[in-house]
Amino acid sequence: MRIDNRANNENRKVTIQTDYLMHPEGSVLISVGNTKVICNATVEERVPPFMRGEGKGWVTAEYSMLPRATNSRNIREAAKGKLGGRTMEIQRLIGRALRGIISLEDLGERSIVVDCDVIQADGGTRTASITGAFVALKIAVEKLLEAGTLTVNPIKEHLAAISVGILPTSEPVLDLNYHEDSSALVDMNVVMTESGRFVELQGTGEEATFTEEELSAMLALAKKGIQQLINQQKTALSLAKNKRMPHEEPVAMTDEILIATGNPGKAKEFEALFASKGLKIKTLLDYPEIPEVEETGDTFVENALLKAETIAHHLNMLVLADDSGLCVDALHGQPGVYSARYAGEPKSDAANNAKLLHELTGIPAAERTAKFCCTLALAMPGKESLVVEGSVEGQIIGIPRGDNGFGYDPLFLVPEFNQTMAELPNEQKNAISHRANALEKLETVWADWIQD
Ligand SMILES: O=c1nc[nH]c2c1ncn2[C@H]1C[C@H](O)[C@@H](COP(=O)(O)OP(=O)(O)OP(=O)(O)O)O1
Ligand SMILES: [Mg+2]
């Protein structure tokens, strides 16, 4: 067991706060566990003298740490009057990493400098800097594209970094904190692109050696961790982009509301739930030309916000989105946000139900408790979105029952009725469901929200 109770293949909790400071073209506060780094990207319409006239741009980085980012105070490098070797090495690494995914030709004769300032260190400051620096760089570039200064996107793909290592117990682990890092036998930093290409590998035995098998195990962990970080970058970038998009006066509310779902089962339920309020609904099934929003979030809240805000900006109107799913206790909350894609793409209710039953093989009825969760996000361009959550508890049975509803309904027993969600008449499901529960909460707050 790891000191912070994580599984060996588990990342620390990551948050990526965009537009953190007001002046830089791209500004991000990234937290990876207790490590916190501010990453600011600055665009300058010039390149270093030795590059002038070549039509190419330049991307570089600087790195530093606040004196009390660490357990005891470090003397500021400014006070010492020179940069340490470690600082030089790290800032060159960050610069190389960013130049690995940007076309300097497509950037044109301008520079982007990304400053990475560690405000709190708990291991992995260089990797957190790279992951955050990419987001700051991407925001700065998106703004150049939005302003028409650039017409071709110079950023070719996403990039993130993470550490892996081998603990004294010989276990390979992902994303080491400082405590783990200081006792690790092997410590490795991996910088990788979305397509799985490496920009840099820094693997070191600390009074120890490692085998090719151990190296492969560490790389597999790193790949998984980096994919998750890239999803988190995408989520933060989409939400930030929606906030930046200019908006005219939103289309006035009529007796119609748009629900950003492409799921016919949900659409039908919302129709019934809203009919009783005298409101008509439209869904994305009425707008087949709108592309599906990528659900990169790792929480229901993030995905509901992504769907609601992206569609609200697209159509310049009030939009409600639902992100929902099934959380099974014996599966540690899985499939959770992955409910729709549990058995892979293309999404299929039948395949998802089959996979769920398979995963629960041999687990006795008393331990098959579960809950349906629903997060609703209400978005209007130019306004802070409203978010509410609802849930309903039940149990996963071993053989599907009933034809009403959709998704996991035939396997979800509601104990108080001794019927599955798919056996309950529609009105009954709509009286007790997680969706109905969330909608009730929304009703108590939305009048105030729409007014101001
Ligand atoms: O009342 C429900 N009864 C049974 N299953 C349910 C229910 N509510 C959600 N679920 C399951 C279905 C799907 O596997 C996942 C939702 O995933 P989620 O991404 O929110 O919806 P989706 O992709 O089907 O449509 P969309 O994103 O366009 O709203 O959870
Ligand atoms: Mg979905």
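Residues numbered from 1 in each chain as written. Chains lettered and ligands numbered in written order. Predicted model: local features only at pLDDT ≥ 70, side-chain atom pairs only at ≥ 80, totals over all residues.

The name given to the chain in an unreviewed UniProt entry is Multifunctional fusion protein, and the organism recorded there is Isobaculum melis.

Visitor: Just checking my understanding: could you explain the overall build of the chain for this structure?
Guide: Per the secondary structure count, the chain includes 11 helices and 16 strands. C-alpha extents for the chain along the principal axes are approximately 75 × 55 × 35 Å. Sorting the 452 residues of the chain into buried and exposed places 38% on the buried side. Taking as baseline every contact in the chain between residues at least 6 positions apart, the subset at least 24 positions apart corresponds to 65%. (Helix = DSSP H or I, 4+ residues; strand = E, 2+ residues; numbered from the N terminus. Buried ≥ 20, exposed ≤ 12 C-beta atoms within 10 Å, placed from the backbone. Contact = placed C-beta atoms within 7 Å.)

Visitor: Help me out: how do you make sense of the domain arrangement of the chain in this one?
Guide: Many structure descriptions define interface size as the accessible area lost when the parts assemble. The assigned domain composition of the chain is domain 1 (14-244) and domain 2 (256-451). Put simply, the middle of domain 1 and the middle of domain 2, counted by C-alpha atoms, are 36 Å apart. The residue makeup of the side of domain 1 that touches domain 2, split by class, is 1 nonpolar, 5 polar and 1 charged. (Domains from an automatic or database assignment. Nonpolar A, V, L, I, M, F, W, Y, C, P; charged D, E, K, R; others polar.)

Visitor: Got a minute to help me understand the packing of helix 2 (residues 85-99) against helix 4 (residues 125-146) in this structure?
Guide: Packed helix pairs are specified by the crossing angle of their axes together with the interaxial distance, meaning the distance between the axes. Where helix 2 meets helix 4, the axes come as close as 10 Å, and the angle between the chain directions of the two elements is 40°. With respect to each other, helix 2 and helix 4 are oriented oblique. Seen along the crossing, helix 2 lies across helix 4 with a hand that is right-handed. Only R126, S129, I130, A133, F134 and L137 of helix 4 make contact with helix 2, whose side of the interface consists of I90, L93, I94, A97 and L98. Here the residues of the contact of helix 2 with helix 4 are counted per class, giving 9 nonpolar, 1 polar and 1 charged. (Axes fitted to C-alpha atoms, helices over the stretch in contact; angles between N-to-C directions. Parallel < 35°, antiparallel > 145°, perpendicular 65-115°, else oblique. Left-handed = near helix turned anticlockwise from the far one by under 90°.)

Visitor: Explain the site of ligand 1 to me, please; I cannot follow it from the model alone.
Guide: The local shell around ligand 1 holds 22 residues, among which T261, N263, S339, A340 and G407 are the closest. A total of 5 residues in the shell around ligand 1 trace back to one element, the largest contributor, which is strand 12 (residues 319-328). (Near = placed C-beta within 6 Å.)

Visitor: Explain the sheet that holds strand 8 (residues 186-193) here, please?
Guide: Working definition: the strands of a sheet are paired by backbone hydrogen bonds and lie parallel or antiparallel to each other. Read across the sheet, 4 strands follow the order 7-6-8-9 without closing on themselves; strand pairing throughout is antiparallel. Strands with a single pairing partner mark the edges of an open sheet, and in this sheet they are strand 7 (172-174) and strand 9 (198-205). Here the average twist between neighbouring strands, direction ignored, is 20°. Bridge analysis of strand 6 (residues 159-166) against strand 7 gives 3 bridges, and the strand direction is antiparallel. Bridge assignment links V164 to a residue of strand 7, and that residue is L174. Here helix 2 sits on the sheet and contacts strand 6, strand 8 and strand 9; the angle it forms with strand 9, its principal contact strand, is near 145°. (Pairing = 2+ DSSP bridges.)

Visitor: Would you mind showing me how to read the environment of L229 here?
Guide: Its location among the elements puts L229 in helix 6 (residues 212-244). Classification of L229 as buried rests on a count of 29 C-beta atoms within 10 Å. With 49 residues separating them along the chain, L229 and G278 place their C-alpha atoms 43 Å apart. Residues in contact with L229, not counting those within four places in the same chain, are V14, T131, A160 and I162.

Visitor: Is there a simple way to explain the pairing of strand 10 (residues 256-259) in this structure?
Guide: As a general feature of sheets, a regular strand has side chains that alternate between the two faces. With 4 bridges connecting them, strand 10 and strand 11 (residues 280-283) associate as parallel partners. Residue pairing for strand 11: I257 is matched across the bridge by I281. Following the chain from strand 10 across helix 7 (residues 264-275) to the adjacent parallel strand 11, one finds a crossover that is right-handed. Here 2 bridges tie strand 10 to strand 12, and the two strands are oriented parallel to one another. Its bridge partner being in strand 12, L258 is matched across the sheet by V319. (Right-handed = clockwise from strand over helix to strand, strands pointing away.)

Visitor: How should I be thinking about the nonpolar core in this particular structure?
Guide: For soluble globular proteins, nonpolar side chains are generally found buried alongside one another. Judged by nonpolar contacts, the single largest core of 61 residues is most densely connected at I94, L98, V114, A133, A136, L137 and A160. When residues no more than four places from it in sequence are discounted, the contact partners of A136 are G26, S27, V28, C39, N40, A41 and V114. (Core = buried A, V, L, I, M, F, W, Y, C linked by C-beta atoms within 7 Å.)

Visitor: What should I look at first to understand the UniProt feature "active site" (unreviewed entry) in the chain in this one?
Guide: Using the residue numbers shown here, the UniProt feature "active site" (unreviewed entry) corresponds to D323. Here D323 lies in strand 12. With 27 C-beta atoms packed within 10 Å, D323 lands in the buried category. For D323, the residues in contact, after removing those within four places along its chain, are F300, N303, A304, K307 and T375. (UniProt positions renumbered as here; feature names shortened; annotations may be inferred.)

Visitor: I tried to follow the packing of helix 6 against helix 8 (residues 300-315) on my own but got confused; where do I start?
Guide: The interhelical angle for the contact between helix 6 and helix 8, taken along N-to-C directions, is 35°, at an axis separation of 10 Å. Here helix 6 runs over helix 8; the crossing is left-handed. On the side of helix 6, the interface is formed by T235, S238, L239 and N242, while helix 8 contributes E302, L305, L306, E309, T310 and H313. Among the residues making up the contact of helix 6 with helix 8, the classes are represented as 3 nonpolar, 5 polar and 2 charged.

Visitor: Mind showing me how you'd approach the sheet that holds strand 12 here?
Guide: Spatially, 11-10-12-13-14-15-16 is the arrangement adopted by the 7 strands of the open sheet, whose pairing is mixed. Either end of the sheet is taken by a strand with one partner, and the two such strands are strand 11 and strand 16 (419-420). Sheet topology places strand 12 next to strand 13 (residues 369-379); 10 bridges connect them, and they run antiparallel. Looking at strand 13, one finds that C327 is bridged to K371.

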